[in-house]
Amino acid sequence: MSRIIFAAALAACCVGCSQVPTTKAPEVPLAPAFKEAAGPWVTAQPSDELPRQAWWSLYRDPELDALQQRLQDNSPDLASALAHYQQARAATDVLRAAQSPTLSTSLNVQRDRQSERRPLRVLGPTSPDDYNSATLGLDFEYEVDFWGRVRQQVSAGEALEQAAQADLANARLALQARLADTLIALRGLDQEAVLLKETEAAYLRAADTIDRRHQGGIASGLDLSRAQNQLESTRSQLRQQQAQRAVLEHAIAALVGANPSTFTITPRAVEVALPTVPVGVPSELLQRRPDVAAAQRRVVAATASVGVARSAVFPSLTLSAVGGYQSSDLDRFIQAPNLFWAIGPTLLVNLLDGGKRKAEIARTEAALDEVGQTYRGVVLGAFQQVEDQLALLSQYGEAAASERRATDAAQRSLDLASNRYREGVASYLDVVTAQTANLQARRNALDLATRQRRASVQLVRALGGGWDGAELTAGEPRRHASAQP
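Residues numbered from 1 in each chain as written. Predicted model: local features only at pLDDT ≥ 70, side-chain atom pairs only at ≥ 80, totals over all residues. Heavy atoms only, no water.

### Quick notes on the confidence of the model for the chain
Inference 1: Scored by pLDDT, the chain comes out at a mean of 83, with 84% of its residues at no less than 70.
Inference 2: Confidence scores differ between elements of the chain, with helix H1 (residues 2-18) showing the lowest mean pLDDT of 44 and helix H2 (residues 62-74) the highest of 93.
Inference 3: Here residues 1-18 is modelled with pLDDT under 50, and outside its nearest four sequence neighbours on either side it reaches 9 contacts, counting other chains as well.
Inference 4: Across residues 476-485 the pLDDT falls below 50, and counting only partners more than four positions away or on other chains, this stretch makes 29 contacts in the model. (pLDDT = per-residue confidence, 0-100. Helix = DSSP H or I, 4+ residues; strand = E, 2+ residues; numbered from the N terminus. Contact = heavy atoms within 4.5 Å.)

### A look at the pattern of salt bridges
Inference 1: If you walk through the whole model with that rule in mind, you get 24 salt bridges.
Inference 2: In this structure, glutamate 161 and arginine 96 form a salt bridge, with 3.8 Å as the shortest nitrogen-oxygen distance. A residue pair is termed long-range when its members are at least 10 positions apart, and glutamate 161 in helix H4 (residues 149-215) and arginine 96 in helix H3 (residues 76-97) qualify at 65 residues.
Inference 3: Ionic pairing is found between glutamate 200 and arginine 235, a salt bridge with its closest N-O pair at 2.9 Å. With glutamate 200 in helix H4 and arginine 235 in helix H5 (residues 221-255), the pair connects residues that are 35 residues apart, well separated along the chain.
Inference 4: Look at the salt bridges and you will find they share partners, linking Asp61, Glu63, Arg187, Asp190, Arg245, Glu249 and Arg268 into a network. (Salt bridge = Lys/Arg side-chain N within 4 Å of Asp/Glu carboxyl O.)

### Section: the environment of glutamine 114
Inference 1: Tracing the sequence through the fold places glutamine 114 in the loop between strand E1 (102-113) and strand E2 (130-144).
Inference 2: At a separation of 2.9 Å, a polar atom in the side chain of glutamine 114 contacts the main-chain carbonyl oxygen of proline 128. (Polar contact = N/O pair within 3.5 Å; in protein donor to acceptor, adjacent residues only side chain to side chain.)

### A closer look at unusual backbone geometry
Inference 1: A positive phi angle, near 55°, is found at arginine 60, a position not held by glycine.
Inference 2: Here arginine 60 lies in the loop between H1 and H2.

### Things to note about the nonpolar core
Inference 1: Formed by 30 residues in total, the largest nonpolar core has its most connected members in Trp55, Tyr59, Leu67, Leu179, Ile252 and Phe263.
Inference 2: Elements with a minimum of two residues in this core: H2, H3, H4, H5 and helix H8 (428-462).
Inference 3: With residues up to four places along the chain from it excluded, the contact list for leucine 67 reads Leu179, Leu183, Ile252, Val256, Phe263 and Ile265.
Inference 4: Counting residues in hydrophobic clusters, the runner-up holds 13 residues, among them Ile210, Ala219, Leu224 and Leu414. (Core = buried A, V, L, I, M, F, W, Y, C linked by side-chain atoms within 4.5 Å. Buried < 20%, exposed > 50% of the residue type's maximum accessible area, 1.4 Å probe, protein only.)

### Description of H3
Inference 1: Across its 22 residues, H3 extends 32 Å between first and last C-alpha, which sits within 8% of the 32 Å expected from 1.5 Å per residue.
Inference 2: Along H3, the residues classified as buried are Leu78, Ala81, Tyr85, Ala88 and Thr92. Projected onto a plane normal to the axis of H3, the buried residues spread over an arc of 80° and lie on a single side. Turned more than 90 degrees off the buried face of H3, the exposed positions are Gln87 and Val94.
Inference 3: The inward-facing, buried residues of H3 abut H2 and H4.
Inference 4: At the N-terminal boundary of H3, the capping side chain belongs to serine 75, with an oxygen 3.4 Å from the backbone nitrogen of aspartate 77. (Expected span 1.5 Å × (residues − 1). Arc of directions from axis to C-beta.)

### A look at the sheet that holds strand E4 (residues 316-327)
Inference 1: Here we have 4 strands laid out as an open sheet, ordered E1-E2-E4-E5, and antiparallel in their pairing. The sheet is open, and its two edges are formed by E1 and strand E5 (339-348), each paired on a single side. Between one strand and the next, the sheet's axes are offset by a mean angle of 20°, whatever the strand orientation.
Inference 2: In this structure, E1 lies alongside E2, joined through 12 bridges in antiparallel fashion. (Pairing = 2+ DSSP bridges. Axes fitted to C-alpha atoms, helices over the stretch in contact; angles between N-to-C directions.)

### Quick word on the packing of H4 against helix H6 (residues 290-311)
Inference 1: Remark: H4 packs on H6, axes separated minimally by 8 Å, with the N-to-C direction vectors making an angle of 165°. As summarised for this structure, H4 and H6 are arranged roughly antiparallel, according to the angle between their axes. Here the hand of the crossing between H4 and H6 comes out left-handed.
Inference 2: Of the residues assigned to the contact of H4 with H6, the class counts are 14 nonpolar, 9 polar and 5 charged. (Parallel < 35°, antiparallel > 145°, perpendicular 65-115°, else oblique. Left-handed = near helix turned anticlockwise from the far one by under 90°. Nonpolar A, V, L, I, M, F, W, Y, C, P; charged D, E, K, R; others polar.)

### Here we look at the pairing of E2
Inference 1: In terms of strand pairing, E2 meets E4 through 11 bridges, oriented antiparallel. Looking across to E4, one finds that glycine 137 is bridged to glycine 324.

### A look at H6
Given 3.6 residues to a turn, an α-helix orients residues that are three or four positions apart in the same direction.
Inference 1: Taking 1.5 Å of rise per residue, the 22 residues of H6 would be expected to cover 32 Å, and the 32 Å separating its terminal C-alpha atoms lies within 8% of that figure.
Inference 2: The element H6 is largely enclosed, with a buried count of 18 among its 22 residues.

### Side note on the environment of histidine 214
Inference 1: Here histidine 214 shows up in helix H4.
Inference 2: Between the C-alpha atoms of histidine 214 and leucine 224, which are 10 residues apart in sequence, the distance is 7.1 Å.
Inference 3: Leaving out residues up to four positions away in the same chain, histidine 214 has contacts with Ala219, Ser220, Gly221 and Leu224.

Below, the structure written as structure tokens:
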């Protein structure tokens, strides 16, 4: 008999194992190399647990380092993501508990009154109407997981916990990148503010000079009006720039969990260092993207859920036992005659459910298809983001060289126009035109430099959070020329 039971259990386990589907990530079209930079692809595997360096230190801004620490300590968005992960971890612990037997005890003591006309009165017709009832019991229960339903539930829970952990890492990386991006934009505005203030001072001197020449009958009123227009226009641009900076400062305050009303970043007209990305960006860094890892682990969870749905079509077997003491005599409660117990298995078979289990299998399989396509979308989006930022950095680098040449040409044009005006062989309109072109060229150069650095931040994020120190270095910051009238 024992051999028959053993053989039946072994067969059941084999059948149960057959209900566990194999996890297979959807295929994603891969390229042999980056389109915008050299470097082979490798098959994606979740490697988001690899250590991430403090990549923002490559920008050589001590204030950025301090703000990143404040973000880690005080960000409400990061704290919310952490709480979400803790919920997922606790939910997995709940599922793991189903793999263990449950043991519970209960004690009930009460005073009862039974109806005089109650059928089957306690102790017969002569039993008292009022009596005591006391029960002390111990319950044991364990579900035999023949079909792997509980195991698959735990597997799904563990995969979702890992996905939540990857979501936490992705939220942290996104916030770090947003902080770095915003501070770099703010530093760009600080540089632009210095340029506009210098230009304002130069235009003020020029306007004063034109005013004196006008009073002496040398310059026309038209020249004076043009000089004043240039001055006020520059002042307007400066105020608009300061408004933009204030908005960025408030955004940084919210990121690091500070009150914008009491938060201030001291203006510093320094050029943030530009990290130099090596020509062959290691494709392995794509494996470190936490959003890719989260998407893949949700595929694992959905696959396990299919196994849970399939196992629901089989019977469930539960081993249970109960025992304790029960008596109406409280004075002699714990005695051998009051002992009771029951032990035996329970086999539950669903004979008719109106197609519920079949529909549940179809639902979980469709959910698996959905998360599979989501995984494909995340991976393709990751490739796109890397390619985008590599293209931006490459094109911005070439554009920066052209912009420097344009700035030099605009400065030469301004010098020539100013000299010709002082010699009386050109109108002040030539000077104004040259001033406008010079200021715009220099602002374009500053804006392009800022966009380069912001693109490098987005490349760091696209690659999953940083490079190895031997592969990435920071370039020397460049100084910008002072404004000329």
